[in-house]
Amino acid sequence: MTKNVTINGNLQATYSDVYTPEALSAISALAHFNIDIKEAMEARIKRRSDRQQQQKRITFPDPESYIPRTNIKVQDARDGKFEGAVIPPDLQRQWIQGTGPAAKPYAPVESSIRNAAYALLSGADGWMFDAEDALGQVQAMSLDNQRSLKLAISKDPVFSKVAEVVAAEMNRWSMSFFGHSIITNWKQQLDFTTKIFRARGLHLDDRHMLDGDGVAMAASIVDMTLYVANNYQELQKADSSIVLYLPKIQTAGEAALWNDMITALEEHLGLPKGAIKVYVLVEQLEATYQLMEIRAALGKHFVGYNTGRWDYINSVADAMAWDRSFINPDIEAITMTYGYMRNYEHRVRCAVNTPDINGNFALWQGGMEPNIPVGSEEGVSASMKKAVAGAEREQREGASGKWVAHWKMVNIVRPVWEKIGQPNQLGREFPRLTYTQQDADGLVLIEPAPTTIRGARNLLSVAIQYGNAFGQGMQAAALKAADFFGNDDVLYLMEDMATGEIRLSILWEWVHKGAKLTREDTHTGTKAGDTFSMVLFEKLLEEEYEKLLKAGNKDVFENSKTTTLPIAREIAVAYIHSKVKLPWFIDLLNINLNNMDIQEAKRRITRYIEVFVKDGRRITENLDFYKM
């Protein structure tokens, strides 16, 4: 017990470099927010439940109402009558932001920290070091991630020694791919990339800490506080901004809660208000109805929005689970130019280019490029052309940059913005946001697109593979459908938690809403117009699972086939069979972390569903807290 928090087992001693006195003091100072977060998450689930029971769509807030936890009227927020942030120098140009964690599962620090070296030597303008969707949570990986970041940001000799070796490896790859080196001076290169950190969302609990009442501490408090408290001084010495990405925000009220926590942390550490800057990932449908309000709620902290793809698709599917007419097509068809995605992107670019009371604009960071340039010459060439074309589209639409999921993509995509030469597109003229019924309808607009057996196989195969990778400690993994194993013309894509979420979400829609197939399939004997039924799902499940069992170690670890793979299958089956759509696939994965017993997994999954259906309560705490 440390003041008003409890840390599990001997972790405080093992990670004394992370759980420093200053960091623990800061967590204690913010611990009272744990109650507020739990209440906010209860309110979130209640809104979800009410909409589904009443079969109501999300609507725009009343313009005469006030943003919760603030004295800002909704209409004033929409009109830009709030004080926002001035974009700091090291965020003015963020053409490419890489994403990924700074740690590896089951790895000593010298191996784990290689992730940070690849990131900071990549040539990306910024790197979002992930503590959420891409970071595994087996054992104490969240703390390994914090340790790696502290060593990298302080340029500890342990990190510098690794970075020198990694730089040589990166140049060898670059010589073979581009015909030239990408790193000329590795020490100088380490100073190029802005360090950015994504904390876990308000909906997740930390696995290693309880508050004074024995309640699991919100991961958002722990992640943000450990990162800032341990690194703000080194960042300031380097004239670097303290920058966070905030995920899974659904409402301006939740944004205001984040703002209160950030302000409290600044006050505790003696930082001026607004010293911590934040991007917000627009990953939730409800947030798109409140974009200006979220900007206003975060005030001087807010610098920009990011338009993610996977999580956003999942949130739309979840919000429309009650509507039997709302059925997503094959995931490959849901690009950023598809129906509701197109309208979502447009609202984001309009929101950031609306000036605040001082004439300040915000940044729009485009979506993720998941490709990895590894495969056959033909496959890599085709995929890279597609990646560049996607970046060019986003640049034309007004994005100041985009994300990549692998360091090898940085120097492939960055030239799109480099040849334009503008640091950013702040203040580019777009129409002011409107709040009509047509605007609301556009955010859930479904357009005709393929719904196929091939698409279903892709959804199912990758969903099970992802669940397996999660159980192995890899929340970011290079995956592709089993039918393409061994085919180097089809590249692996970097998948994280968001892609797992949406794949099962779409399959749930197809089964429970009776999706109509648009194309015949000779193997299953289905024809265009046939209904995607539970029987068909079960048939595909058996076939796709058998392929995974027969796959080589490169694609499916042999030791997982009797441990985490069966559990991943069980979770997928339970999710699809549940008549009540479950809110988060990650919940079922989290309650089975470090568990390899299929019978225990079945008990935990059953218990979760029973509790959620009966009480509307998610089980988010670490069920093995006192066993670790």
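For the structure given in this document, a descriptive report is provided here. (Residues numbered from 1 in each chain as written. Predicted model: local features only at pLDDT ≥ 70, side-chain atom pairs only at ≥ 80, totals over all residues. Heavy atoms only, no water.)

### Here we look at the pairing of strand β4 (residues 194–198)
Within β4, 5 of the 5 residues are buried, which leaves the element mostly enclosed by the surrounding structure. Of the two faces of β4, the one carrying T194, I196 and R198 and the one carrying K195 and F197 are both buried. Both strand β3 (residues 126–130) and β4 contribute to a ladder of 5 bridges, which runs parallel. Paired with G126 across the strands is T194, a residue of β4. In the sheet, β4 pairs with strand β7 (residues 242–246) via 3 bridges, with the strands oriented parallel. Bridge pairing in β7 links F197 to L244. (Buried < 20%, exposed > 50% of the residue type's maximum accessible area, 1.4 Å probe, protein only. Helix = DSSP H or I, 4+ residues; strand = E, 2+ residues; numbered from the N terminus. Pairing = 2+ DSSP bridges.)

### Description of the packing of helix α22 (residues 497–513) against helix α24 (residues 564–577)
Interaxial distance between α22 and α24 falls to 9 Å at its minimum, and their mutual angle equals 45°. When the axis of α22 is compared with that of α24, the two are oblique. Considering the relative orientation of α22 and α24, their crossing is right-handed. Taking contact as the criterion, the partners of L504, S505, L507, W508, V511 and H512 in α22 are, on α24, A572, Y575, I576 and H577. Its residues assigned to classes, the contact of α22 with α24 comprises 7 nonpolar, 3 polar and no charged. (Axes fitted to C-alpha atoms, helices over the stretch in contact; angles between N-to-C directions. Parallel < 35°, antiparallel > 145°, perpendicular 65-115°, else oblique. Left-handed = near helix turned anticlockwise from the far one by under 90°. Contact = heavy atoms within 4.5 Å. Nonpolar A, V, L, I, M, F, W, Y, C, P; charged D, E, K, R; others polar.)

### Re the layout of surface pockets
Roughly 330 Å³ of internal volume is contained in the second largest pocket. The wall of the second largest pocket is formed by 15 residues, among which K38, E42, R617, R618 and T620 lie closest to the centre. Broken down by element, the residue count for the lining of the second largest pocket peaks at 4 residues, all from helix α3 (residues 33–54). Classifying every residue of the lining of the second largest pocket gives 5 nonpolar, 3 polar and 7 charged. (1 Å grid on protein atoms, 1.4 Å probe; cavity = no way out; pocket = protein on both sides within 12 Å on 5 of 7 lines; lining within 4 Å. Points joined across faces, edges and corners; volume = space filled by probe spheres on them.)

### Looking at the nonpolar core
Within the largest apolar cluster, 206 residues are counted, with the highest numbers of intra-cluster contacts made by L121, V228, Y305 and F532. Ignoring anything within four residues of it in the chain, the contact list for V228 reads I242, L244, L265, L269 and I276. (Core = buried A, V, L, I, M, F, W, Y, C linked by side-chain atoms within 4.5 Å.)

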